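# Chains, contacts and geometry: an overview
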Amino acid sequence: MEINRNTIIKDLIESHPETLAVFKKYNLVIAGGVRGPNEPIAFFAKAHEVDYDTLVKELKEAVEKGGGEHVVIPRLEEDKVYGKFVKTAIVLTLTVGVTFGALVLSYIAIKLDFDSVYYALIQAHGHAQIYGWVGLCIMGFALYIVPRVKNTELRHRGFANVCYLFAAAGITLRTVVQPLPYSSLRFLLPVSAILECIAILLFILIVLRTILASKEKIGIYDKFFKAGIIWFFISTCMNMGMVCYLYRHGLYEIPRRFFSPYVHLYLFGFVLMFIFAVNIRTVYAFLDIKPVREKAVNLTFWIMNICIPIYFASHFFADENVVAYRLSQAIAFPIGFALLTFVFGLRVFERSTKELDDVVMDRSYAKTIRTAYLWLIVTAGILVVMPFLEDGSEIQQRFHGSLNHALTVGFITMMIIGYASKMIPTFKGINMHSIRLSNITFILLNTGCFLRVFSQIMVGVNGKTIFYVTMGTSGWFELAALSLFGYNLWKTMNFVQETKPPAASQAPATVKLTEVNKDTKVFDVVDQYPDTLQIFLDFGFSQMANPVMRNTMGRVATLDMATKMHNVDLDTFLKALNGKIVEKKGAV
Ligand code: HEM
């Protein structure tokens, strides 16, 4: 089998199992399900900071030396530790999260009044979203990604199930019980907080022990992980405090002066630190750009972690103390600056290095990651405008809601979708179930988020009914987007790859094609039935006219990948090709 920059790792392992030892040596088969990563060698080498030429030289040596009984072929296991966390996050956001949010938003739009809703319900929605949707996604991904970027085994793997069960139970209990006016059930509130607390302490134990056990050199992203863990711990203790306060005083609503800044402490502290850590480690390869500007991301790290506690304390005491109030206004500027500095440091809008230009792979996630950072810039923009608005005024409250939404949906949810669409197929060594659904999700979510953020601001500016109407519809766009994403990711996560026994290490015999299907390689079709080339060209695969492209891309791209990348209907195309093949066979 020819080895080139587009060779898919799992295909090479299949036809030359002896190459597995080389991939293991470079830590390149730590993801990818039972058959290995479904990634081109050139991309994986860049993502894992391995020198491509050295790697290919060793792979070719291994192939020349060949297999035989002296080569031990290790089995590849699929690590599914993230699965239940991500699936529960999808269920929670599609029930008490976005669906409930969309209903509340429509109700507010009909009533033309934000205060028409029982605020404890909003807080329950908020908790389900920040812990249930975002928290569980980050926990699931972290348990998979941290041991791999730290090149070590996950410590206390057995605790991960307990962590999951306690988290899911605690979050569901809290979301349901907080707004319920039944005193007989109130004892479940502290129970929910205890369950959540134990789950998060177990998560922190697993991740910290895994990071500390690693012999890998400390990367710039490490401190972001550790800061995120500390803020997760602090916000969990605050959550426990809030719940005990509600329970002891028989209240349903957490005082807003505590709840709103606490939500930002959780989002800026835990969530952004984890997202920034993973982005620093992976975005340069995902977007084929230069590695981060270390000075800039370090500056963001220190400004954010110094400002977050000041942000919380100043907002909490702002109503009572004018110094705290002025501080709560002033602190918005360094935080806004830190967010923009991170965008600059990450180079996310800079030109590609073109290092991976010749590599054939799905890049549909790239626009989602870039758009998420556009929303982070919008978030920073709203944040630095708010101090100029009259404190406690209608307009300031509306800007606050828009800030939340630009951050939680525009940046965080978009980033989760972008990364899940890239990482989970990588974890499993397959393609995303449907790139078309990913593109529709992208359009719907941005439409909904834009309508919400823009309309809610305009409601604050002039209170016109039209903006209540557009705002009221926004939640349904976002619900449609997250439902399609949930379905697409669930199908991808449930896809079972059959384990193929390692083939003997000689070049696979080319099987005479009698019919083509979605897994047939483009090269084999044209190689065996040259007359089908015209059909490729008729369907718009113009680069097939170039024999070099046919000989390189064609050897790795399946008909499924090709049609998805060119938005061609697979069934129609297969019908045309098989028609030509039958015709040819008939002629012979
Ligand atoms: C995607 C669809 C969503 C819809 C339709 C929605 C709807 C709402 C509505 C109507 C409110 C009350 C009004 C306001 O404060 O602006 C609200 C508040 C809130 N939402 Fe959402 N939301 C969505 C997504 C999210 C996400 C993804 C998160 C977090 C990750 C989230 C967290 C919150 C929080 C924490 C609050 C309370 C904020 C506060 O009072 O300070 N929401 N949401």
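Shown above is the structure to which this text applies.
Nothing here was measured: the structure is a model prediction, and the numbers come from that model. (Residues numbered from 1 in each chain as written. Predicted model: local features only at pLDDT ≥ 70, side-chain atom pairs only at ≥ 80, totals over all residues. Heavy atoms only, no water.)

## Looking at the side chain of Thr-379
Its place among the elements puts Thr-379 in helix 14 (residues 365–385). You can call Thr-379 buried: its relative accessible area is 0%. In this structure, Thr-379 is in contact with Leu-403, Ala-406 and Leu-407, ignoring residues within four places of it in sequence. (Helix = DSSP H or I, 4+ residues; strand = E, 2+ residues; numbered from the N terminus. Buried < 20%, exposed > 50% of the residue type's maximum accessible area, 1.4 Å probe, protein only. Contact = heavy atoms within 4.5 Å.)

## Some details on the packing of aromatic side chains
In total, this model carries 41 aromatic pairs according to the counting rule given. With centroids separated by 4.8 Å and ring planes inclined at 45 degrees, the aromatic side chains of Tyr-131 and Tyr-266 adopt a geometry described as tilted. Of the two residues, Tyr-131 is situated in helix 6 (residues 119–149) and Tyr-266 in helix 10 (residues 256–286); the sequence distance between them amounts to 135 residues. Residue classification places Tyr-266 among the buried residues on the basis of a relative accessible area of 0%. (Phe/Tyr/Trp six-rings, centres within 6.5 Å; stacked < 30°, edge-to-face > 60°.)

## Some points on the packing of helix 6 against helix 15 (residues 394–428)
Running from amino to carboxyl end, helix 6 crosses helix 15 at an angle of 35 degrees, the nearest separation of the two axes being 12 Å. Seen from above, helix 6 lies across helix 15 with left-handed handedness. Contacts between helix 6 and helix 15 involve Trp-133, Val-134, Cys-137, Phe-141, Tyr-144 and Ile-145 on the former and, on the latter, Ile-412, Thr-413, Ile-416, Ala-420, Met-423, Ile-424 and Phe-427. Of the residues assigned to the contact of helix 6 with helix 15, the class counts are 12 nonpolar, one polar and no charged. (Axes fitted to C-alpha atoms, helices over the stretch in contact; angles between N-to-C directions. Left-handed = near helix turned anticlockwise from the far one by under 90°. Nonpolar A, V, L, I, M, F, W, Y, C, P; charged D, E, K, R; others polar.)

## Describing the site of the ligand
Around the ligand there are 28 residues in total, and Tyr-119, His-125, Ser-260, Arg-452 and Gln-456 lie nearest to it. Take His-400: an N or O atom from its side chain is 3.5 Å from an oxygen atom of the ligand. Residue Gln-456 places a side-chain N or O atom 3.1 Å away from an oxygen atom belonging to the ligand. Elements supplying a minimum of two residues to the shell around the ligand: helix 5 (83–111), helix 6, helix 10, helix 15, helix 16 (435–462) and helix 17 (465–494). Sort the elements by how many residues they give to the shell around the ligand and helix 6 lands first, with eight residues. When grouped by side-chain class, the residues that make up the shell around the ligand number 13 nonpolar, 13 polar and two charged. (Near = heavy atom within 4 Å. Polar contact = N/O pair within 3.5 Å; in protein donor to acceptor, adjacent residues only side chain to side chain.)

## Focus on the side chain of Ser-192
Relative to the helices and strands, Ser-192 resides in helix 8 (residues 188–213). Its relative accessible area of 1% is what places Ser-192 among the buried residues. Residues contacting Ser-192, with those up to four places away along its chain left out, are Gly-170, Leu-173 and Arg-174.

Keep in mind these values describe shape, not function.
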